[in-house]
Amino acid sequence: MKMGKMTDRTALSVRDMVVTFDDYVALDKVSVDVATGESFGIVGESGSGKSTLLRAVAGLNRFEEGTLTVDGRKYDSRSRDKEFYRTVQMVFQDPYGSLHPRQTVDRLLLEPLVIHGFDNIDARIARALDEVGLGAGFRFRYSHQLSGGQRQRIAIARALILEPKILLLDEPTSALDASIQAEILNLLEQARKDRNLTFVMVSHDLGVISHMCERVAVMKNGQIVETVPVEALEKREFSADYTRQLLVASEGFRRG
Amino acid sequence: MSGPLLTVDDLRVTFPTRTGEVQAVRGVSFTLGRERLGIVGESGSGKSQTGRAIMGLTPGHAKITASKLGFDGIDLLKATPKQRRDLRGKRIGMILQDPKYSLNPVMTIGKQIIETLLTHEKLSRSQARTRALEMLEAVQIRDPERVFGLYPNEVSGGMGQRVMIAMMLICGPEMLIADEPTSALDVTVQLDVLSILDKLVAERGMGLVFISHDLRLVSSFCDRVIVMYAGRIVEELPSADLAQAKHPYTQGLLNCLPTIGTDRHPLPVLERKAEWLA
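Position numbers for residues start from 1 in each chain and track the written sequence from start to end. Written order decides the labels, with chains lettered from A and ligands numbered from 1. The predicted origin of the model limits local features to residues at a pLDDT of at least 70 and limits the giving and counting of side-chain atom pairs to 80 or more, whereas totals for whole chains, interfaces and linings rest on all residues.

Enquirer: Would you mind going over the overall build of chain A with me for this structure?
Expert: Here a helix means four or more residues in a row that DSSP labels H or I, a strand means two or more in a row labelled E, and each is numbered from the N terminus. Looking only at helices and strands, chain A features nine helices and ten strands. For chain A, whose C-alpha radius of gyration is 18 Å, the value lies close to the compact-globule estimate of 18 Å for 256 residues. Over its C-alpha atoms, taken along the principal directions, chain A stretches across nearly 50 × 45 × 40 Å. Within chain A, the proportion of its 256 residues that are buried is 44%. Note that contacts rest on C-beta atoms placed from the backbone: two residues are in contact if these are within 7 Å. Summarising the internal contacts of chain A: among those between residues at least 6 apart in sequence, 68% fall at separations of at least 24. Computation of the radius of gyration draws on C-alpha atoms, with the globule rule given as 2.2 Å multiplied by the number of residues to the power 0.38. Think of it as a crowd count around each C-beta: if 20 or more other C-beta atoms lie within 10 Å the residue is buried, if 12 or fewer it is exposed, and in between it is partly exposed, with C-beta placed from the backbone throughout.

Enquirer: Would you explain the overall build of chain B in this entry?
Expert: A count of helical and extended segments in chain B gives ten helices and eleven strands. Its C-alpha atoms put chain B at 60 × 50 × 45 Å along the principal axes. When burial is assessed residue by residue, chain B has 44% of its 278 residues classed as buried.

Enquirer: Help me out: how do you make sense of the interface of chain B and chain A in this one?
Expert: One frequent convention defines the size of an interface as the accessible area lost when the parts assemble. Counting residues at the interface gives 29 residues for chain B, matched by 26 residues for chain A. Of all the secondary-structure elements, those providing two or more residues to the side of chain B that touches chain A are helix H8 (187-204), helix H9 (215-221) and helix H10 (248-255) of chain B. Among the elements that make up the side of chain B that touches chain A, the one with the highest residue count is H8 of chain B (six residues).

Enquirer: Even after reading the chapter, I still don't get the sheet that holds strand S10 (residues 223-229) of chain A, so can you show me in this structure?
Expert: Pairing between the strands of a sheet is mediated by backbone hydrogen bonds and can be parallel or antiparallel. All names here are of chain A. Here, a strand pair is defined by DSSP locating no fewer than two bridges between the strands. Read from one edge to the other, the open sheet built from six strands follows the order S6-S7-S8-S3-S9-S10, with strand pairing classed as mixed. With one partner strand each, in any of the chains shown, strand S6 (88-91) and S10 form the two edges of the open sheet. With strand direction ignored, the average angle separating the axes of adjacent strands in the sheet is 20°. In this structure, S6 lies alongside strand S7 (residues 166-170), joined through four bridges in parallel fashion. To get an axis, fit a line to the C-alpha atoms, keeping to the stretch in contact for a helix; angles then go from 0 to 180 degrees between the N-to-C directions.

Enquirer: What's the story with the confidence of the model for chain A in this structure? I'm lost.
Expert: Interpretation of this model should avoid reading the predicted coordinates in detail wherever pLDDT is low. Confidence of the predictor in every single residue is expressed as pLDDT, which spans 0 to 100. Averaged over every residue, the pLDDT of chain A is 91; residues scoring 70 or more account for 96%. For residues 1-7 of chain A, every residue scores under 50 in pLDDT, and the model assigns this stretch 13 contacts once sequence neighbours within four places are set aside.

Enquirer: Which parts of the structure should I look at to understand helix H5 (residues 148-160) of chain A?
Expert: An α-helical segment advances 3.6 residues per turn. Residues three or four places apart therefore align on the same side. All names here are of chain A. By this rule the span expected of a helix is its residue count minus one, scaled by 1.5 Å. The end-to-end C-alpha distance of H5 is 18 Å, a good match for the 18 Å that 13 residues give at a rise of 1.5 Å each. Counting buried positions over the 13 residues of H5 gives eleven, a clear majority of the element. Looking only at H5, the buried set comprises Gly149, Arg151, Gln152, Arg153, Ile154, Ala155, Ile156, Ala157, Arg158, Ala159 and Leu160.

Enquirer: How should the packing of H5 of chain A against helix H6 (residues 178-195) of chain A be read in this particular structure?
Expert: Angle between the axes and distance between the axes are the two parameters that describe a pair of packed helices. Residue and element names in this part refer to chain A. H6 packs onto H5 with a crossing angle of 15° between their chain directions and a minimal axis gap of 10 Å. Of the possible angle classes, the one that applies to H5 and H6 is roughly parallel. Remark: the crossing between H5 and H6 carries right-handed chirality. Packed against H5, whose contacting residues are Gly148, Gly149, Gln152, Arg153, Ile156 and Leu160, the element H6 presents Ile180, Glu183, Ile184, Leu187, Leu188 and Ala191 at the interface. Class assignment for the residues of the contact of H5 with H6 results in seven nonpolar, three polar and two charged. Angular relationships are summarised with four words: roughly parallel below 35 degrees, roughly antiparallel beyond 145, roughly perpendicular across 65 to 115, and oblique for the angles in between. Crossings are assigned a handedness: left-handed for a near helix turned anticlockwise from the far helix by less than a right angle, right-handed for a clockwise turn. Three classes are used: nonpolar for Ala, Val, Leu, Ile, Met, Phe, Trp, Tyr, Cys and Pro, charged for Asp, Glu, Lys and Arg, and polar for all others, with Gly counted as polar.

In structure tokens form, the structure reads like this:
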């Protein structure tokens, strides 16, 4: 899939965003443009601000300065309306922490549908479960009765059930085993293909990002160090020393 | 010393539950000399329970059986709690996954390291302090004096894990069990911690059991790799021959990782076969 033209088909645009926590500057004038249908990756170590950026877009953090435009509409630092959450959904890192422990899968999937006034609720829940490869047998289970991979599938079903255009993915597989990771990545890719979704994916794993994304932004200390097409990683066509460090780290341990 | 440092023969760890017994480890056998051995598997494969059984950290209600579980001539199954305590920290060390949870949050770093030392050796406080500072320096902590007085929450994950390594190596153990020592760390920090660990293990001639779910990492770090699935060893091979792995599970684990520069959509996924459980 090729990247669309920035001007007419921008799904998400962040301009000079600043997020501070007390005196700590977590995001320092970050600008990102993601085209419709694009899969955009963000890498960096902990504390680099990659999750903060996603959370500020999703309205989970406020931002002090800058602008946010999603699907042609501007949003301010705090409030997000229902329309926003119809358009943008998020999948979190830890499937153990992001599902309500006392709600069944059915209830978890029902809530967003009711909030947004969807019809055909029953059929939609069944279809959502089917789409993420879990059968009807999982519908009345609690999250503690599911494995980590199954939970992440539910979290993805919950995000997809509102038929959003943009998915924010915050390390969706880093809490999972390598073999389960492959399944979840395939599932996400299939969903993107079927629904022409736009992805913004945060990960510390360059292998995952290069597999899933077309462009990648490298973040450090709250700033974007550089943005490159993923092919540049393979060909080593990047300028920042930090990108090279991350690349070396992703290749595993070397003695000597 | 002749013969292997550690002998594990037909080790089984069983947990009684309401619905019957669950065997977490089902007949694992291997030996360890002064070498680096990796144990790889998914969550629930029994790799951590294997390490814990050797260390003597299995929960009390679990049942451990083995036809042999020996460390340097000592029968670990028959050892008294006192003998086990004398071994732990002195001759066998263990590094756990996340320094956030495995260090004592209400004790300064220096005090925790000294505690290990004073448990096993007769030293004065000032001698112990000097040893602890030397050890912190050996794990490449730049300002040992300052870190000595800090609490675990005041240091980063990478530094916490170095402290953990320092604490485990200060008594000069002959064998070290590292259970996912870098999984909770950032990719860039992982390599630093691994190279420190690697250097110390080599210098001191320790036997190392490296437990991880990351097959590539383990194979780049260890001499020999054991692959576990559902409580059993499915394959054992030298790291260098990993590409020639025969078992479909090992091949699956290797193949399912996305890498830079390969274009495989969708990624191959592991198909678990019922006969692997047998």
